[in-house]
Amino acid sequence: MFFIRKGEPSLTAEQKLKEAFIQAIGLPADTDFSTVRYGVTKNWDSVAHMQLIAEIENSFDIMLGTEQVIAMSSFEKAKELIASHGFEFTA
Amino acid sequence: MPLFRAALEEFAASSGVELISLRLDALSGPPIDVFCGAGFFPVDLSEEASCTRLRPELMPKPRFGIRTAEPEDRPEILRIAGSAFRFGRYHTDPRFPRELANRRYVHWVQNALASAEPGESVFLLGAAPQRLGFFHVVLSDGVADLRLAAADPDSPVGLGLALYSETLFALQRLGARRFFTKVSAANSGVLNLFASIGFRFSNPEYILHWHAPGAPHLL
């Protein structure tokens, strides 16, 4: 869980996305997110997937299309899809 | 017990039956060992999952859409039915050929698509031409019997929750007030799914199989 105090810089897009994955799938904060994939990462089932979509839409204030919901099969793919909504992810 | 086993074998020899399936009430039925002593063995434990009030706050918002299957959807529905299932008594019976177990679900859906029974439907998840999963249901007197469902196993992510929740909303619009189904206790994915949207579980049943000696079609 991130706590942001007044005057502190807001979360980066990458931090927000990690937080969405942590909340929806129950990942530990020290997860190597580059390895997070549907079908490989424990607890990422269809229930967690729809929670993840809702978390991302709330955090980024965006609406994902159905093709994007289906394509979001890894953390890296999620970055790519969210970047298409105008968010920047640093390398 | 030897008499029971002998009677089963005599019945199988005279009728050509290779497999006998039996459901036993797990809470108040006869002890399972009575049947195991005659050669039956457990292949599954099923639970009834039911819900009398949908709780939209627990369900994802509908986004894919649900529609009734059309003739042009048939090949894709049969492909999903023939490849999506991993649980159920025929899939968990180690001597039952997987190909036959898969074919059973293909026949199931073929029959469902051909049925003209009132209240019986095969729904599809996704706006045409998307076919993300199917749901065979029977709606009668406000009670929705959720017979068989499968999301496309070739999808990059699981869409089971979307399929179930959007079908339930559609059935509610059609007048369903109670929803029930049977689920395999081995299928923790679907148990978690039903639990997440407020279904309750009851009426556990052991499912036992008995194989005829020398059954030619069993492994």
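Refer to the preceding data block for the structure.
Residues take numbers from 1 onward in each chain, read along the sequence in its written order. All chains are assigned letters beginning at A, and all ligands numbers beginning at 1, according to the order in which they are written. With the structure being a predicted model, the display of local features is reserved for residues of pLDDT at least 70 and the display and counting of side-chain atom pairs for 80 or more, all residues being used for whole-chain, interface and lining totals.

Participant: Hey, could you run me through the overall build of chain B in this one?
Facilitator: Under the DSSP-based scheme used, a helix requires at least four consecutive residues in state H or I and a strand at least two consecutive residues in state E, with every element numbered from the N terminus. Tallying secondary structure elements over chain B gives seven helices and eight strands in all. Note that the radius of gyration is over C-alpha atoms, with the globule rule given as 2.2 Å times the number of residues to the power 0.38. Here the C-alpha radius of gyration of chain B, 19 Å, is about what a compact globule of 219 residues would show, namely 17 Å. Overall size of chain B, expressed as C-alpha extent along the three principal axes, is 60 × 35 × 35 Å. Expressed as a percentage of its 219 residues, the buried residues of chain B come to 35%. As a rule, residues whose C-beta atom has 12 or fewer other C-beta atoms within 10 Å are exposed, those with 20 or more are buried, and those in between are partly exposed; C-beta atoms are placed from the backbone.

Participant: Honestly, the environment of A:Ile62 in this entry has me stumped. Any pointers?
Facilitator: Residue and element names in this part refer to chain A. Considering the arrangement of structural elements, one finds Ile62 in the loop between α2 (46-60) and α3 (66-71). Since 16 C-beta atoms lie within 10 Å of it, Ile62 is described here as partly exposed. Spatially, the C-alpha atoms of Ile62 and Ile82 are 8.7 Å apart, while their sequence positions differ by 20 residues. A residue pair is marked as a contact if its C-beta atoms, positioned from the backbone, fall within 7 Å. Those residues in contact with Ile62 that lie beyond four places of it in its chain are Glu57 and His85.

Participant: It is not clear to me how helix α4 (residues 75-83) of chain A should be interpreted in this structure. Could you clarify?
Facilitator: Think of an α-helix as turning once every 3.6 residues; residues three or four places apart then point the same way. All names here are of chain A. For α4, the complete set of buried residues consists of Phe75, Ala78 and Ile82. Angular distribution of buried residues about the axis of α4 spans 50°; they occupy a single face of the element. In the core, the buried residues of α4 are packed alongside α1 (13-25) and α2. Arc definition: it is the arc formed by the directions from the helix axis to the C-beta atoms.

Participant: What is the right way to look at the nonpolar core in this model?
Facilitator: Soluble globular proteins: nonpolar side chains tend toward being buried together. Working definition: the nonpolar core is a set of buried Ala, Val, Leu, Ile, Met, Phe, Trp, Tyr and Cys residues, joined through C-beta atoms within 7 Å. By size, the foremost hydrophobic cluster in this structure holds 64 residues, and its most contacted members are A:Phe21, A:Leu52, B:Leu125, B:Phe134 and B:Leu163. Residue contributions to this core peak at seven residues, all from helix α6 (residues 160-173) of chain B. Other than its neighbours up to four places away in sequence, B:Leu163 contacts B:Leu125, B:Gly133, B:Phe135, B:Ala149 and B:Ala151. Formed by eight residues, the second largest nonpolar core is a distinct cluster that contains B:Leu24, B:Phe35, B:Leu208 and B:Trp210.

Participant: Help me understand unusual backbone geometry, please; the structure alone is not making it clear to me.
Facilitator: Glycine aside, a negative phi is what most residues show, and trans is what most peptide bonds show. For the bond running from B:Ala128 to B:Pro129, omega is 10°, close enough to zero to count as cis. Tracing the backbone shows B:Pro129 in the loop between β4 (120-125) and β5 (133-140). Here the phi dihedral of A:Asp61 falls at roughly 55°; this positive angle occurs in a residue that is not glycine. Take A:Asp61: it is sitting in the loop between α2 and α3. Judged by the 7 C-beta atoms lying within 10 Å of it, A:Asp61 is exposed. In this model, B:Asp141 sits at a positive phi of 50°, which is unusual for a non-glycine residue.

Participant: Can you walk me through the pairing of strand β2 (residues 41-51) of chain B in this structure?
Facilitator: In the case of a regular strand, side chains alternate between the two sheet surfaces. Residue and element names in this part refer to chain B. Here, a strand pair is defined by DSSP locating no fewer than two bridges between the strands. Both β2 and strand β8 (residues 200-211) contribute to a ladder of eight bridges, which runs antiparallel. Paired with Ala49 across the two strands is Phe201, which belongs to β8. Where β2 and strand β7 (residues 178-184) come together, six bridges link them in antiparallel fashion. When the sheet's bridge partners are listed, Ser50 is paired in β7 with Phe180.

Participant: It is not clear to me how the environment of B:Phe134 should be interpreted in this structure. Could you clarify?
Facilitator: Residue and element names in this part refer to chain B. By secondary structure assignment, the location of Phe134 is in strand β5. The exposure class of Phe134 is buried, given the 27 C-beta atoms found within 10 Å. In the structure, Phe134 is positioned 67 residues away from Arg67 in sequence and 9.6 Å away in space, judged by C-alpha atoms. Setting aside anything within four residues of it in sequence, one finds Phe134 in contact with Ala69, Ile77, Ile80, Val122, Phe123, Leu124, Ala149 and Ala150.

That's the geometry; what it means functionally is another story.
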